[in-house]
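What follows is each chain in one-letter form.
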Amino acid sequence: MTYLLLSLPFVAAGLILFGIGAAHARRRDDLRRYLSAWGVSTAVLLILTAVFDNVMIGAGFFDYREDGISGIRIALMPVEDLLYPIAGALLLSGVWQLLDAARAPGGRSDA
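Residues numbered from 1 in each chain as written. Predicted model: local features only at pLDDT ≥ 70, side-chain atom pairs only at ≥ 80, totals over all residues. Heavy atoms only, no water.

Student: Explain the packing of helix H2 (residues 31-58) against helix H3 (residues 83-103) here, please?
Tutor: It is at 9 Å that the axes of H2 and H3 come closest, and there the two elements cross at 150°. One way to sum up the angle between H2 and H3 is to call them roughly antiparallel. By crossing handedness, the relation of H2 to H3 is classed as right-handed. Each of Tyr34, Trp38, Thr42, Leu45, Leu46 and Thr49 in H2 lies in contact with H3, whose residues at this interface are Pro85, Ile86, Ala89, Leu90, Ser93, Gly94 and Gln97. Of the residues in the contact of H2 with H3, the class split is eight nonpolar, five polar and no charged. (Axes fitted to C-alpha atoms, helices over the stretch in contact; angles between N-to-C directions. Helix = DSSP H or I, 4+ residues; strand = E, 2+ residues; numbered from the N terminus. Parallel < 35°, antiparallel > 145°, perpendicular 65-115°, else oblique. Left-handed = near helix turned anticlockwise from the far one by under 90°. Contact = heavy atoms within 4.5 Å. Nonpolar A, V, L, I, M, F, W, Y, C, P; charged D, E, K, R; others polar.)

Student: What exactly am I supposed to notice about a nonpolar patch on the surface here?
Tutor: Side chains of Val40, Val44, Ile47, Leu48, Val51, Phe52 and Val55 sit close together on the surface and give an oily, nonpolar patch of about 640 Å² of accessible area. Mapping Leu48 onto the fold places it in helix H2. The exposure class assigned to Leu48 is partly exposed, which follows from its relative accessible area of 42%. (Patch = residues over 30% accessible without salt bridge, like charges linked within 9 Å, V, L, I, M, F, W, Y side chains within 5 Å. Areas by Shrake-Rupley, 256 points an atom, 1.4 Å probe, with all protein chains shown as cover. Salt bridge = Lys/Arg side-chain N within 4 Å of Asp/Glu carboxyl O. Buried < 20%, exposed > 50% of the residue type's maximum accessible area, 1.4 Å probe, protein only.)

Student: What exactly am I supposed to notice about the packing of aromatic side chains here?
Tutor: Given two aromatic rings, their pairing is described by the distance between the two centres and the angle made by the two planes. Summed over all chains, the structure comprises four aromatic pairs. Between the aromatic rings of Phe18 and Tyr34, the centroid separation amounts to 5.0 Å while the plane-to-plane angle is 25°, which identifies the pairing as stacked. A residue pair is termed long-range when its members are at least 10 positions apart, and Phe18 in helix H1 (residues 3-27) and Tyr34 in helix H2 qualify at 16 residues. For the pair Phe18 and Tyr34, one class covers both residues: buried. Taken together, a centroid distance of 5.7 Å and an interplanar angle of 85° make the contact between Phe62 and Tyr64 edge-to-face. (Phe/Tyr/Trp six-rings, centres within 6.5 Å; stacked < 30°, edge-to-face > 60°.)

Below, the structure written as structure tokens:
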């Protein structure tokens, strides 16, 4: 099994939850803030993942089997490693939006 195949169910679940969260944000007229918050947090996570994965692989803490990755690397890091922070950001954004919607069902929460 490849790391890409292992990551796909998490990305799919993240997309579903993110879509549900986006629907809730749209109903609350908060879609722009929802998407921009996701974009900024995802960009930060991707940068941190690229930096620290390369440092850890370079230090010899771990590596990946060549038959488990696509072969495309960003420096030392396989590109598949970026799917984990993407899936996490999608999942957490959707959950956060749904929890916020549950806390303030009648209106917009400014907290």
